[in-house]
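Geometric and topological summary
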Amino acid sequence: MNIRLFSLIVSAYNEGGNIDGFFEAASTIVRPLAEQGFRLEIVFADDGSSDKTADKIRGLFPAAACNSIDIKLVSFSRNFGKEAAMYAGLKNAAGDFCCFIDADLQQRPETALAMLEMLLLNPDYDCVAACLENRGTGVRQKLSSSFYKILSKSSGMQDVVDEASDFRVFSRAVADALLDMPEYYRFSKGLFAWVGFKTLPFPYTPDERHSGETTWTFPKLVRYGIGGILSFSTAPLQVAIWLGLFTSAAALIYFIVVICQRLFIGIEIPGYATIVALLLMLGGVQLLVLGILGEYLARIYIQGKDRPVFIVKSYSEQLAIQEDE
Ligand code: UDP
Ligand code: MG
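Reading the values: rules and limits
- Residues numbered from 1 in each chain as written.
- Chains lettered and ligands numbered in written order.
- Predicted model: local features only at pLDDT ≥ 70, side-chain atom pairs only at ≥ 80, totals over all residues.
- Heavy atoms only, no water.
- Buried < 20%, exposed > 50% of the residue type's maximum accessible area, 1.4 Å probe, protein only.
- Helix = DSSP H or I, 4+ residues; strand = E, 2+ residues; numbered from the N terminus.
- Arc of directions from axis to C-beta.
- UniProt positions renumbered as here; feature names shortened; annotations may be inferred.
- Core = buried A, V, L, I, M, F, W, Y, C linked by side-chain atoms within 4.5 Å.
- Contact = heavy atoms within 4.5 Å.
- Salt bridge = Lys/Arg side-chain N within 4 Å of Asp/Glu carboxyl O.

**Some thoughts on helix H8 (residues 172–179)**
Within H8, the full set of buried residues consists of Val174, Ala175, Ala177 and Leu178. Buried residues of H8 fall within an arc of 165° about the axis and therefore sit on the same side.

As structure tokens, this is what we get:
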């Protein structure tokens with residue numbers, strides 16, 4: 001039988017307390033995978049962790065050999081962010097099917113297996129995305145929902161689904177399409193929507209974090225969200241056109257009113273207050289629009305430098321010996 005490869009791509013930043021537990025959970029899917037004709041590969045991307053994450057991962061190599069798991073470790077020279085870690089992992093993954101998964105056991109390897117099975121049962125589809133079953137009703141969830149609505153509308157991509165997480169299983173075709181986009185500012189949900197392919201939702205509820213704390217603070221999430229909109233939509237640039245049209249129309253109407261008052265009613269209009277108000281408003285609008293232009297310009301500037309998305313400090317791999325070789 002032609003043995004295929006399933007790659008778990010794990011981004012890890014200061015996850016020393018979770019690596020062993022993750023590997024243990026991943027080991028349990030080796031056998032069911034083998035029954036479906038798959039071998040397991042785990043690609044760890046250590047995103048410049050300052051704790052023992054890399055050592056812990058290297059410590060797994062002997063156990064991986066015993067379990068016939070291919071294991072790879074890409075370590076960054078500093079923290080480049082989760083998106084960069086996912087990209088590095090994907091670059092090094094050899095799987096016929098791949099899965100982006102977190103190291104903190106909020107997303108279970110067993111769920112990844114179930115998602116792979118779902119994908120295998122639906123050959124028309126190339127991707128299965130884990131979707132949060134209930135997002136909750138808090139302010140944060142509301143904001144997040146509105147953000148995805150704005151992103152879908154402004155980018156014209158209907159598929160940037162609110163509940164879908166980065167926890168996905170996808171085919172080699174999708175992996176190659178993602179790798180063909182070497183952009184510096186990466187926003188995976190947008191990239192997945194942009195490359196197309198049919199995606200099945202897989203309802204799931206994330207577990208509690210096994211150990212450590214999330215690094216996604218609210219300001220970091222807001223920056224990530226604004227980055228997503230700037231990467232996938234040029235709609236904010238049109239704000240200038242609409243604001244310009246609106247203020248010009250308002251100015252014209254005001255001008256006509258003032259002239260009529262002067263000519264037909266004979267009212268002298270004392271000017272200072274209105275002039276100050278108009279100046280302030282126009283100045284504000286111009287600064288806002290300049291700011292938006294600046295954001296896009298900065299992105300072109302950074303992308304123009306063509307800097308790498310991440311820098312690798314060290315790479316190690318250990319491929320399990322296959323019986324048929
Ligand atoms: N992560 C990363 N680089 C970072 C921040 C996070 O690789 O700069 C990893 C982290 O180790 C975890 C995953 O991304 O495996 C999700 O991070 P986290 O659990 O902090 O986010 P949350 O689950 O709260 O969305
Ligand atoms: Mg987490």
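**Concerning unusual backbone geometry**
Most of the time, phi is negative for any residue but glycine, and the peptide bond is trans. Residue serine 68 is not a glycine yet carries a positive backbone phi of 55°. Locating serine 68 in the fold gives a position in the loop between helix H4 (61–66) and strand E3 (70–76). Residue aspartate 306 is not a glycine yet carries a positive backbone phi of 60°. One can find aspartate 306 in the loop between helix H12 (272–305) and strand E8 (312–318).

**Points about the UniProt feature "transmembrane region" (unreviewed entry) in the protein**
UniProt annotation of "transmembrane region" (unreviewed entry) refers to residues 239–260 and 272–293 when read in the numbering used here. Between the end C-alpha atoms of residues 239–260 there is a gap of 32 Å, over a span that is 100% helix and 0% strand.

**A closer look at the nonpolar core**
Core analysis: the largest hydrophobic core is formed by 41 residues, its most contacted members being Phe6, Leu8, Phe22, Leu40, Ile42 and Phe44. When near neighbours in sequence (up to four residues on either side) are disregarded, phenylalanine 22 contacts Leu8, Val10, Ile42, Phe44, Ile101, Asp102, Ala103, Leu105 and Pro109.

**Some words on the pattern of salt bridges**
Taken as a whole, this structure holds ten salt bridges when the rule is applied. Aspartate 70 serves as the salt-bridge partner of arginine 39, at 3.0 Å between the closest nitrogen and oxygen. One end of the pair, arginine 39, is in strand E2 (residues 38–46); the other, aspartate 70, is in strand E3, and 31 residues separate them in sequence. Take arginine 39 and aspartate 70: they sit in the same class, and that class is buried. Here lysine 82 ties to aspartate 166 by a salt bridge, and the two come within 3.8 Å at their closest N and O atoms. Here aspartate 166 lies in strand E6 (residues 164–171) and lysine 82 lies in helix H5 (residues 82–92), a separation of 84 residues in the sequence. According to the relative accessible area criterion, aspartate 166 is buried, its value standing at 13%. Residues participating in the shared-partner salt-bridge network are Lys52, Asp55 and Arg58.

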